[in-house]
Structures are given as C-alpha cells and as structure tokens.
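Summary of structural features
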Amino acid sequence: EASFKVEAGSGPRKLIFNHQGDYAYLINEISSMIHVYHYEDGHFTLVQSLSSYLKEEYDGQNMPTDLVLSEDDDYLFVTNKGDDTLVAFAIDEEHQIKRVDCLEVDEGPSCLQLFENKYLVVCAKAAGTVESFEIRAHERNGVLFETQSRVSIHSPTCIALGKTQVRVTNWS
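Keep in mind that this is a model prediction, so the values were computed, not measured.

Our next topic: the layout of surface pockets. Empty space within the largest pocket amounts to approximately 150 Å³. In this structure, the largest pocket is lined by 13 residues; those nearest its centre are Val68, Leu69, Gln113, Leu114 and Leu161. At the level of elements, strand S1 (12–17), strand S5 (63–69) and strand S9 (109–115) are the ones that each hand at least two residues to the lining of the largest pocket.

Moving on, we get to the pattern of salt bridges. The final tally for this structure, using the stated rule, is six salt bridges. We note a salt bridge from Glu134 to Lys118, for which the minimum N-O separation is 3.8 Å. Taken together, the residues Glu134 in strand S11 (residues 129–135) and Lys118 in the loop between S9 and strand S10 (119–124) connect sequence positions 16 residues apart. Where Glu134 meets Arg136, a salt bridge forms, and the shortest distance between an N and an O atom there is 3.4 Å. Since its relative accessible area comes to 29%, Arg136 is described here as partly exposed. Members of the salt-bridge network, linked through shared partners, are Asp106, Glu131 and Arg150.

Turning our eyes to something else, we now look at the pairing of S1. The pairing of S1 with strand S2 (residues 23–28) spans five bridges and is classified as antiparallel. Looking at S2, one finds that Leu15 is bridged to Leu26. Counting the residues between successive antiparallel strands, the hairpin from S1 to S2 contains five residues, one of them, Gly21, with a positive phi of roughly 80°.

This part covers the confidence of the model for the chain. Overall, the predicted model of the chain reaches an average pLDDT of 92, with 94% of residues at or above 70. Throughout residues 166–170 the model reports pLDDT below 50, and contacts reaching past four residues in sequence, or to other chains, amount to zero contacts.

Turning our eyes to something else, we now look at the state of the cysteines. According to the stated counting rule, one finds zero disulfides in the structure shown. Left without a disulfide partner, Cys111 is nearest to the cysteine sulfur of Cys158, which lies 4.7 Å away. Here Cys123 is not disulfide-linked; the sulfur of Cys111 is the nearest cysteine sulfur, at 4.8 Å.

Our next topic: the sheet that holds S10. In spatial order, the strands read S9-S10-S11-S12; together these four strands make up an open sheet with antiparallel pairing. Each edge of the open sheet carries a strand with a single partner, namely S9 and strand S12 (144–152). Averaged over all adjacent pairs, the angle separating strand axes in this sheet is 20°, with direction ignored. Pairing analysis gives six bridges linking S9 to S10, with the strands arranged antiparallel. The residue of S10 that forms the bridge with Leu114 is Leu120.

Reading guide: rules and limits
- Residues numbered from 1 in each chain as written.
- Predicted model: local features only at pLDDT ≥ 70, side-chain atom pairs only at ≥ 80, totals over all residues.
- Heavy atoms only, no water.
- 1 Å grid on protein atoms, 1.4 Å probe; cavity = no way out; pocket = protein on both sides within 12 Å on 5 of 7 lines; lining within 4 Å.
- Points joined across faces, edges and corners; volume = space filled by probe spheres on them.
- Helix = DSSP H or I, 4+ residues; strand = E, 2+ residues; numbered from the N terminus.
- Salt bridge = Lys/Arg side-chain N within 4 Å of Asp/Glu carboxyl O.
- Buried < 20%, exposed > 50% of the residue type's maximum accessible area, 1.4 Å probe, protein only.
- Pairing = 2+ DSSP bridges.
- pLDDT = per-residue confidence, 0-100.
- Contact = heavy atoms within 4.5 Å.
- Disulfide = S-S within 2.5 Å.
- Axes fitted to C-alpha atoms, helices over the stretch in contact; angles between N-to-C directions.

Now the structure itself:
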C-alpha cells in the first residue's frame, strides 16, 4: 500500500502519474500548490512544490481544478478556478516543472481534457461553456493558442474521451 501525507489544510484534489509511472503530480485545491513526487517501490518522495497561479497577478481566492499531462510527458496543464486560467508547465529531464504559458478561460473551469495530444478542452461550469485550445509545443510565442471554438452548455462539469474517427454506415 503506497501512501503519503500532505501538509494539513492543503486540500489534495487530484493525483496523476506520468506515462512511465515513476513521477506523480498532485494539485491541492486549498493551497493552490502543485506537488511533484518521485514514486519508487511504493514510496513517494516530494521533488518540487510550485503555485498553480501567479499570486502577483491575481489576489483573490484560487483553486486548481484539474490537470493533464501531454502524451510525451513534456507538459503539465492545469486549470485554475478564481484566477480562471489554463496554465502550461514544461517538464524538464529532472521532472521539475516550470510555468511557460497561461491563457484566460471562461469563468469557473471545472474539467480539462487532452485530445489527440494537440487540443485541450476546458469545461467552465460557472460560465456554461466548453472551449478548446491548441497546443503548439515548439512555437516561439507560447504553447497555448485559442481556437475560438466555444459551445454553450448548461453547467458542464466533466468531459471524457470517447472513440475517435468512428464511422456510422447504413448497411441497407
């Protein structure tokens, strides 16, 4: 049984592992901290702690709501409710994260999903929207780009991956 303790009052929300299973990323909704852990033989070792948003840019209450990794484990993406942002963190060879880009999202992001390692889709519950962003990892002007694609849906809270490129054919 693998377990670890976090600082009291931090409010752990979601933990994900990289694709090799040797590093874990945890968002804490009360402290707004992201913790990076090395995982080996059932033991977690804290490697890094970093705020999910820039406190000098937003002084209100913030809560990270979701996180996903790129398929190549080069980027960690986090949504923040309060600050209402989507943040890209680059992951270096030592698995340290560094904030490299940030875009505003609609009010109250609640869920984040990665599609085809190229698009991020954000559900914004308070705004009642689902919006998408494109990932361009090697662009000089950033990693995240707006697609101008937004759909209104009453209080979306979750989005899940399904089958892609499914063709429905009439066999009659």
